[in-house]
Amino acid sequence: MAETARATDPAPIFAALGDRTRLSLLMRLSDGRTRSITMLAADTDLTRQAVTKHLRVLQDVGLVESLRHGRESRYACRPEPLDMARAYLDRVAAQWDDALLRLKAFVEE
């Protein structure tokens, strides 16, 4: 996806977060610590290959980044796309609030 489209379209972020496994991986990374694929697969039923596949999806939408740490790659959460998705949800909520206020005023007339 082009960088400008990714910056303005929250749909890919919501799609990536719509998977329970990816959401769980992101939650594990949200504490600010970097983790390797092996660390993320530990204590789960996931294979390293499955973790890699899910991390690639999260990385493609900018939610995680890969950092070299010696010979291994470690992954870290990037909160900026979540901030953009939250701003989108806030705009939608404001639109609904406005619509409900108009409906209430109409009904009370």
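See the structure shown above.
Residues numbered from 1 in each chain as written. Predicted model: local features only at pLDDT ≥ 70, side-chain atom pairs only at ≥ 80, totals over all residues. Heavy atoms only, no water.

## Considering the packing of aromatic side chains
Where we set the bar: Stacked, tilted and edge-to-face are the three classes applied to pairs of Phe, Tyr and Trp rings, where Trp contributes its six-membered ring and a pair requires centres within 6.5 Å; stacked means planes under 30 degrees apart, edge-to-face means over 60, and tilted covers the rest. Each helix corresponds to a stretch of at least 4 residues labelled H or I by DSSP, and each strand to a stretch of at least 2 residues labelled E; elements are numbered beginning at the N terminus. Each residue is placed in one exposure class: buried if its accessible area under a 1.4 Å probe, protein chains only, is under 20% of its type's maximum, exposed if it is over 50%, and partly exposed if it falls in between.
The full count for this structure, using the stated rule, is one aromatic pair. Look at Phe14 and Tyr88: their rings are 6.0 Å apart centre to centre, the planes differ by 55°, and that puts the pair in the tilted class. One end of the pair, Phe14, is in helix H2 (residues 11-17); the other, Tyr88, is in helix H6 (residues 80-108), and 74 residues separate them in sequence. Taking the relative accessible area as the measure of exposure, Tyr88 reaches 32% and is therefore partly exposed.

## Thoughts on the packing of helix H3 (residues 20-29) against helix H5 (residues 48-60)
Condition: Axis geometry follows a simple rule: fit a line to the C-alpha atoms, using only the stretch in contact for helices, then measure angles between N-to-C directions, giving values from 0 to 180 degrees. Roughly parallel covers angles under 35 degrees, roughly antiparallel covers those over 145, roughly perpendicular covers 65 to 115, and oblique covers all other angles. What makes two residues a contact is simply this: any of their non-hydrogen atoms within 4.5 Å. Residue polarity follows a fixed list, in which Ala, Val, Leu, Ile, Met, Phe, Trp, Tyr, Cys and Pro are nonpolar, Asp, Glu, Lys and Arg are charged, and the others, Gly among them, are polar.
It is the contact of H3 with H5, at a shortest axis distance of 10 Å, that shows an interaxial angle of 80°. Considering their axes alone, H3 and H5 lie roughly perpendicular with respect to each other. Listed contacts from H5 to Thr21, Arg22, Leu25, Leu26 and Leu29 of H3 are Val51, His54, Leu55, Val57 and Leu58. Class assignment for the residues of the contact of H3 with H5 results in seven nonpolar, two polar and one charged.

## Description of the nonpolar core
Let me state the cut-off plainly: The nonpolar core is taken to be a set of buried Ala, Val, Leu, Ile, Met, Phe, Trp, Tyr and Cys residues, with the residues joined through side-chain atoms within 4.5 Å.
Membership of the largest hydrophobic core comes to 18 residues, with the highest contact counts inside it found for Ile13, Val51, Leu55, Leu58, Leu63 and Val64. Where this core is concerned, the elements lending two or more residues are H2, H3, helix H4 (37-41), H5 and H6. Beyond its immediate stretch of four places on either side in the chain, Leu55 contacts Leu29, Ile37, Leu40, Val64 and Tyr75.

## Regarding a nonpolar patch on the surface
Going by this rule: Exposure above 30% relative accessible area and the absence of a salt bridge qualify a residue for a patch, where like charges join within 9 Å and nonpolar side chains (Val, Leu, Ile, Met, Phe, Trp, Tyr) within 5 Å. Each accessible area value is a Shrake-Rupley result obtained with a 1.4 Å probe; residue values ignore everything except the protein chains displayed when judging cover. What makes a salt bridge here is a side-chain nitrogen of Lys or Arg within 4 Å of a carboxyl oxygen of Asp or Glu, nothing more.
Side chains of Trp96, Leu100, Leu103, Phe106 and Val107 sit close together on the surface and give an oily, nonpolar patch of about 610 Å² of accessible area. Note on placement: Val107 falls in helix H6.

## A look at H5
For clarity, the cut-off: Here a helix's expected span is defined as the number of its residues, less one, multiplied by 1.5 Å.
With 13 residues, H5 should cover 18 Å at 1.5 Å per step; its first-to-last C-alpha distance of 18 Å lies within 8% of that length. Residues of H5 that are buried sit in contact with H2, H3, H4, strand E2 (64-69) and strand E3 (72-77). A positive phi of about 85° marks Gly62, the residue just after H5.

## Here's the deal with the sheet that holds E2
Defined as follows: Only when DSSP finds a minimum of two bridges between them are two strands counted as paired.
Spatially, E1-E3-E2 is the arrangement adopted by the three strands of the open sheet, whose pairing is antiparallel. Pairing within the sheet leaves two strands with one partner each, and these edge strands are strand E1 (35-36) and E2. Two elements, E1 and E3, share two bridges in a ladder whose sense is antiparallel. Bridge assignment links Ser36 to a residue of E3, and that residue is Arg74. Each of E1, E2 and E3 is contacted by H3, which is oriented at about 90° to E3, the strand it contacts most. Each of E2 and E3 touches H5; the most contacted strand, E2, lies at about 115° to it.

## A look at the side chain of Arg74
To keep things clear, this is the line we draw: Whenever two N or O atoms come within 3.5 Å, that pair is a polar contact, provided that in protein one can donate a hydrogen and the other can accept it, and provided that, for residues adjacent in sequence, both atoms are side-chain atoms.
Note on placement: Arg74 falls in strand E3. Judged by its relative accessible area of 17%, Arg74 falls in the buried class. A distance of 3.0 Å separates the side chain of Arg74 from the side chain of Glu72, its partner in a polar contact. Apart from the residues lying within four places of it in its own chain, the contact partners of Arg74 are Thr34, Arg35, Ser36, Met39, Glu65, Ser66, Leu67 and His69.

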